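Examination of the molecular architecture
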Protein chains: 2
Amino acid sequence: MRVLGIDPGLTRCGIGVVDGAIGRPLAFVAAGVVRTDAGAELPDRLLGIEHGIEEWLDRQRPDAVAVERVFAQHNVSTVMGTAQASAIAITSAARRGLPVALHTPSEVKAAVTGSGRAEKPQVQAMVARLLKLDAAPKPADAADAVALAICHIWRGGAQARVAQAQQEFARKVELARQRRTPSAQGTAGKAGEKP
Amino acid sequence: MRVLGIDPGLTRCGIGVVDGAIGRPLAFVAAGVVRTDAGAELPDRLLGIEHGIEEWLDRQRPDAVAVERVFAQHNVSTVMGTAQASAIAITSAARRGLPVALHTPSEVKAAVTGSGRAEKPQVQAMVARLLKLDAAPKPADAADAVALAICHIWRGGAQARVAQAQQEFARKVELARQRRTPSAQGTAGKAGEKP
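Worth saying up front: this structure is predicted, and the values here are computed from it rather than measured.

Calculation criteria
Residues numbered from 1 in each chain as written. Chains lettered and ligands numbered in written order. Predicted model: local features only at pLDDT ≥ 70, side-chain atom pairs only at ≥ 80, totals over all residues. Heavy atoms only, no water. Core = buried A, V, L, I, M, F, W, Y, C linked by side-chain atoms within 4.5 Å. Buried < 20%, exposed > 50% of the residue type's maximum accessible area, 1.4 Å probe, protein only. Contact = heavy atoms within 4.5 Å. Helix = DSSP H or I, 4+ residues; strand = E, 2+ residues; numbered from the N terminus. Expected span 1.5 Å × (residues − 1). Pairing = 2+ DSSP bridges. Axes fitted to C-alpha atoms, helices over the stretch in contact; angles between N-to-C directions. Buried area = accessible area lost by both parts, 1.4 Å probe. Salt bridge = Lys/Arg side-chain N within 4 Å of Asp/Glu carboxyl O. Polar contact = N/O pair within 3.5 Å; in protein donor to acceptor, adjacent residues only side chain to side chain. Nonpolar A, V, L, I, M, F, W, Y, C, P; charged D, E, K, R; others polar.

Turning next to the nonpolar core. A general tendency of soluble globular proteins is for nonpolar side chains to be buried together. In this structure, I6 and V67 of chain A together with L4, I6, V65 and V67 of chain B are the most contacted members of the largest nonpolar core, which totals 54 residues. Apart from residues no more than four positions distant in its own chain, I6 of chain B is found in contact with G14, I15, I53, V65, A66, V67, E68, A89, A145 and L148 of chain B.

The end-to-end C-alpha distance of helix α1 (residues 42-60) of chain A, which contains 19 residues, comes to 27 Å, matching closely the 27 Å that a straight helix rising 1.5 Å per residue would cover. Positioned one or two residues after α1 of chain A, R61 of chain A has a phi angle of 45°, which is positive.

Residues and elements named next belong to chain A. In space, the five strands of this open sheet follow the order β3-β2-β1-β4-β5, with mixed pairing throughout. Across the chains shown, the open sheet's two edge strands, defined by having one partner strand only, are β3 (27-35) and β5 (100-103). The mean angle between the axes of side-by-side strands here comes to 20°, regardless of whether they run parallel or antiparallel. One ladder, built from four bridges, connects strand β4 (residues 64-68) with β5; its direction is parallel. In the strand pairing of β5, A66 is matched with A101. On top of the sheet, α1 reaches β1 (2-7), β2 (12-19), β3 and β4; it is set at about 160° to β3, its chief contact.

By a frequent convention, interface size equals the accessible area lost on bringing the separate parts together. In this assembly, 22 residues from chain B lie in contact with 22 residues from chain A. Across the interface of chain B and chain A, roughly 1800 Å² is buried in total on both sides, 80% from carbon and sulfur atoms. When the area that chain B buries against chain A is broken down by residue, the three leading residues are P43, M80 and T91 of chain B, summing to 26%. Applying the counting rule to chain B against chain A returns two salt bridges. Note that R95 of chain A and E50 of chain B form a salt bridge whose closest N and O atoms lie 2.7 Å from each other. In this assembly, chain B and chain A are joined by four residue pairs in polar contact (both at pLDDT 80 or more). Of all the secondary structure elements, the ones that give two or more residues to the side of chain B that touches chain A are α1 (42-60), α2 (76-95) and β5 (100-103) of chain B. Tallied by class, residues from the side of chain B that touches chain A come to 17 nonpolar, three polar and two charged.

Within the fold, D141 of chain A resides in helix α5 (residues 140-180). Discounting residues that sit within four places of it in the chain, D141 of chain A has contacts with D7, R12, G14 and V33 of chain A.

A few words on the side chain of S92 of chain B. All names here are of chain B. Tracing the sequence through the fold places S92 in helix α2. Among the polar contacts made by the side chain of S92, one reaches the main-chain carbonyl oxygen of I88 at a distance of 2.9 Å. Setting aside anything within four residues of it in sequence, one finds S92 in contact with E50, I53, E54 and L57.

Here it is in structure tokens:
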């Protein structure tokens, strides 16, 4: 599964692409930043973000997109732009029919370091180690986006494992039911055949 | 000039379309609401808003789009959704090359009622009166979007008048300059003709 993570921002959207699957090592694919000119008008900036993200989606063809969930209580001066950039990111992915997941910063930290309160350098060191890189991708927004992609592979993986286990359990229950009540099934079948 | 006003919101985006020009009466065209299901996932809601706004743009073919400017200090519980809906609205219009203007709620109130602190019923009564309607369009989000379109026609009109006056002034200055220095102009022309 290839996941494209997006750390949304009006001036810099971090992008990180990681390949991975349940029980398999992670592989770093690419990371970078979509930038817009802080002096430009808002419509042009949002359009620039859209174009930049579309390019990444075209080039990397991810199976899923993970976007950082934005909260209103964060830095008020930048939160509006972050919310707007995240809307563009989410919609660009959803328009292509890609599954989009939102993860909170603490979910990302917890997935990568084991602690939801980890500091940025800790997260970056773990990103580098998990992907077998000499250092975390730069700038920090790109590294955050890579961490987001890792978080999604692991959380998505965990969710997929749970779903798989539930399906398997349901299948076993059904098999046991069929074994325990063959006559009832037979009767029901015959009853159904009666006019 | 046809203006499509958008009062952004995740659950309800008000839409109002008004025709108007400098020194000409306003004409109400249409108003309505793009709704999304509050129980749906965010990517589907944003996509729904995009589809709804695209439909309005296709049908009404406005010359300009006016979107309410969102501030972080507003209702914190809904401001993120409002910011995200506004990003979709702005980008949908900008993608078509339409000019997009942002107006604050107090600019809209001031344009329509003469006071930036007017109450909602006052704004709605003025919207109805200016457009010669029996009552303001409903729901309130649609009426707000219509007020936004009126604000844009009048503010845009004022800006156009200023630009026109500046052009006229520049033209007169140029004419006066040419009248005052006919020989200098002639000399320059002849000098230019020399090999």
